[in-house]
Amino acid sequence: MVSTPDAATAGRPRGRSAVAVPELVEKARAGDLRSVGRLISLVEDESPLLREVMALLAPHAGHAKVVGITGSPGVGKSTTTSALVTELRRAGQRVGVLAIDPSSPFSGGALLGDRVRMGDHAVDKDVFIRSMAARGHLGGLSWSTPQALRVLDAAGYDVIIVETVGVGQSEVEVAGLADTTIVLLAPGMGDGIQAAKAGILEIGDLYVVNKADRDGAATVRRDLRGALALSQRPEGAWKPPILMTTAQNGEGLAEVATAIEEHHAWLEQTGELLRRRTRRARDEIEAIAVTTLRQRWAGLGRHAELDGLAEQVARGETGPWAAADVLLASHLE
Ligand SMILES: Nc1nc2c(ncn2[C@@H]2O[C@H](COP(=O)(O)OP(=O)(O)OP(=O)(O)O)[C@@H](O)[C@H]2O)c(=O)[nH]1
Ligand SMILES: [Mg+2]
């Protein structure tokens with residue numbers, strides 16, 4: 001048997017010329033963790049190969065349940081994620097985890113602590129864990145995350161957990177990416193009304209008060225229940241439950257897994273699942289389109305055009321809207 005050149009190059013370390021996309025996609029779909037990792041690296045590297053990768057993956061995606069976990073630093077997101085993975089594995093589910101740090105331009109290193117906390121699952125071939133920096137992406141979180149999700153979805157993971165470090169706006173952003181958003185709170189994290197921050201009362205499908213072993217957990221739950229009762233949700237909307245966990249020893253995580261199932265069933269019954277996924281796809285398309293456009297005029301030797309227009313606007317020779325029209329017209333063909 002003579003091995004084909006494609007098969008020989010597909011397993012090599014990163015490097016554009018060494019990548020044979022169809023083989024890589026096949027291997028990833030067959031459960032090869034290294035290939036899955038390489039596809040996610042293509043997302044991180046904003047590789048031009050993504051056009052082909054996403055086209056090949058698209059028919060195989062749409063099966064995974066996407067669960068977002070958000071909350072202030074230190075509430076126990078990583079510990080909860082790890083405990084939830086344990087719970088889901090017990091039920092035989094294959095699980096992907098994406099830990100995203102929207103504030104960090106660094107990949108991996110910034111979230112090294114998370115990897116250590118996820119150590120329990122390091123040898124489980126049905127668990128894929130990856131830290132991803134949202135980097136200085138022109139398109140930000142909405143550019144990279146849906147594409148990384150598609151990789152894991154098409155690779156056959158039943159549940160994908162997206163953990164984001166909560167920094168203001170990103171909490172709301174991640175809610176737009178997930179089917180089910182879990183907002184995590186904990187006692188001893190500053191004032192009791194942390195829930196009112198960053199629109200957290202609107203985005204949660206499940207609320208989890210973690211560190212239930214600590215004093216003050218019941219107070220956090222009570223305050224949250226009061227705040228949620230006051231917040232406006234439309235008629236017939238999902239009523240988010242409040243659950244208590246001690247992630248450190250896995251207590252309460254079975255209930256969280258059940259609540260995720262219940263919420264997912266509700267999403268399917270009401271048609272909200274398709275609506276959410278359509279919204280996610282819409283953001284993704286927009287992010288790719290805008291990024292592509294910016295790349296075009298920032299491309300080699302194309303800066304000159306924007307610079308020239310900028311000078312004209314600065315001199316008062318033309319207005320910024322007319323200049324933008326010129327720029328768009330020359331890049332949209
Ligand atoms: N007492 C107690 N401590 C916990 C519990 N869950 C997590 N912790 C501890 O809380 C600290 C923070 O946990 P992490 O899981 O790293 O929290 P995080 O939200 O991922 O933190 P960042 O990623 O830095 O935002 C760690 O020291 C955990 O051991 C719990 O249920 N009870
Ligand atoms: Mg963490």
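Keep in mind that what you see is a predicted model, and the values were worked out from it rather than measured.

This part covers the nonpolar core. Leu39, Ile40, Val53 and Leu152 are the most contacted members of the largest nonpolar core, which has 34 residues in total. Secondary structure elements with two or more residues in this core: helix 2 (21–29), helix 3 (33–44), helix 4 (50–57), strand 2 (95–101), strand 3 (127–133), helix 7 (141–154) and strand 4 (159–164). A per-element tally of this core places helix 7 first, with seven residues. Taken domain by domain, this core gets at least three of its residues from each of domain 1 (21–57) and domain 2 (61–270). Not counting the four nearest positions on each side in its chain, Ile40 is found in contact with Leu98, Phe128, Arg130, Met132, Ala148, Val151 and Leu152.

Now for the pairing of strand 1 (residues 65–70). Within strand 1, six of the six residues are buried, which leaves the element mostly enclosed by the surrounding structure. Because side chains alternate across strand 1, one face comprises the buried residues Lys65, Val67 and Ile69, and the other comprises Val66, Gly68 and Thr70, equally buried. As paired strands, strand 1 and strand 4 are joined by five bridges and run parallel to one another. Paired with Lys65 across the two strands is Val159, which belongs to strand 4. Sheet topology places strand 1 next to strand 5 (residues 180–185); four bridges connect them, and they run parallel.

This part covers helix 10 (residues 217–230). Look at helix 10: 20 Å from first C-alpha to last across 14 residues, which is about the 20 Å you get at 1.5 Å a residue. Of the positions making up helix 10, those classed as buried are Ala217, Val220, Leu224 and Leu228. Angularly, the buried residues of helix 10 cover 60° about the axis, an arc narrow enough to put them on a single face. Exposed side chains of helix 10 directed beyond 90 degrees from the buried face belong to Arg222, Arg225, Ala229 and Leu230.

Turning our attention to the pattern of salt bridges. Enumeration over the complete set of coordinates arrives at 17 salt bridges. As a salt-bridge pair, Arg280 and Asp179 come within 3.3 Å of each other at their nearest N and O atoms. Remark: Asp179 occurs in the loop between helix 8 (169–177) and strand 5 and Arg280 occurs in helix 12 (residues 272–298); sequence separation between them is 101 residues. With respect to class, Arg280 is no different from Asp179; both count as buried.

Glancing now at helix 2. Restricting attention to buried positions, one finds in helix 2 the residues Val21, Leu24, Val25 and Ala28. Buried residues along helix 2 cover an arc of 100° about the axis, so they all sit on one side.

Model confidence for the chain is summarised by a mean pLDDT of 83, while 78% of its residues fall at 70 or above. For the chain, per-element mean pLDDT is lowest for helix 1 (residues 5–10), which scores 40, and highest for strand 7 (residues 242–244), which scores 98. Note that residues 1–16 has pLDDT below 50 and, in this model, 23 contacts with residues that lie over four places away or in other chains. Long-range and interchain partners of residues 105–117, a stretch whose pLDDT sits below 50, account for 23 contacts in this model, where long-range means more than four residues apart.

Burial runs high along strand 5: six of the six residues are buried. Burial along strand 5 is two-sided: Thr180, Ile182 and Leu184 facing one way and Thr181, Val183 and Leu185 facing the other are all buried.

Turning to the packing of helix 5 (residues 77–90) against helix 11 (residues 253–270), a few remarks are in order. The packing of two helices is summarised by the inter-axis angle and the distance between the axes. Interaxial distance between helix 5 and helix 11 falls to 9 Å at its minimum, and their mutual angle equals 75°. As summarised for this structure, helix 5 and helix 11 are arranged roughly perpendicular, according to the angle between their axes. Each of Thr80, Ala83, Leu84 and Glu87 in helix 5 lies in contact with helix 11, whose residues at this interface are Leu253, Ala254, Val256, Ala257 and Ile260. Tallied by class, residues from the contact of helix 5 with helix 11 come to seven nonpolar, one polar and one charged.

What follows covers the packing of aromatic side chains. Inspection of the entire model under this criterion finds two aromatic pairs. When the centroid spacing of 6.4 Å and the interplanar angle of 45° are considered together, the rings of Phe128 and Tyr157 count as tilted. Here Phe128 is found in strand 3, whereas its partner Tyr157 is found in the loop between helix 7 and strand 4, with 29 residues between them in sequence. For the residue pair Phe128 and Tyr157, the accessibility class agrees, reading buried in each case. Both rings, one in Trp238 and one in Trp266, keep their centres 5.7 Å apart while their planes meet at 50°; by these two values the pair is tilted. Separated by 28 residues along the polypeptide, Trp238 in the loop between helix 10 and strand 7 and Trp266 in helix 11 bring together distant segments of the chain. Owing to a relative accessible area of 15%, Trp238 belongs among the buried residues under this scheme.

Right, let's get into the environment of Gly308. Position of Gly308 among the secondary structure elements: in helix 13 (residues 303–314). For the pair Gly308 and Ala323, spaced 15 residues apart in sequence, the C-alpha separation works out to 9.6 Å.

The rules behind the values
Residues numbered from 1 in each chain as written. Chains lettered and ligands numbered in written order. Predicted model: local features only at pLDDT ≥ 70, side-chain atom pairs only at ≥ 80, totals over all residues. Heavy atoms only, no water. Core = buried A, V, L, I, M, F, W, Y, C linked by side-chain atoms within 4.5 Å. Buried < 20%, exposed > 50% of the residue type's maximum accessible area, 1.4 Å probe, protein only. Helix = DSSP H or I, 4+ residues; strand = E, 2+ residues; numbered from the N terminus. Domains from an automatic or database assignment. Contact = heavy atoms within 4.5 Å. Pairing = 2+ DSSP bridges. Expected span 1.5 Å × (residues − 1). Arc of directions from axis to C-beta. Salt bridge = Lys/Arg side-chain N within 4 Å of Asp/Glu carboxyl O. pLDDT = per-residue confidence, 0-100. Axes fitted to C-alpha atoms, helices over the stretch in contact; angles between N-to-C directions. Parallel < 35°, antiparallel > 145°, perpendicular 65-115°, else oblique. Nonpolar A, V, L, I, M, F, W, Y, C, P; charged D, E, K, R; others polar. Phe/Tyr/Trp six-rings, centres within 6.5 Å; stacked < 30°, edge-to-face > 60°.

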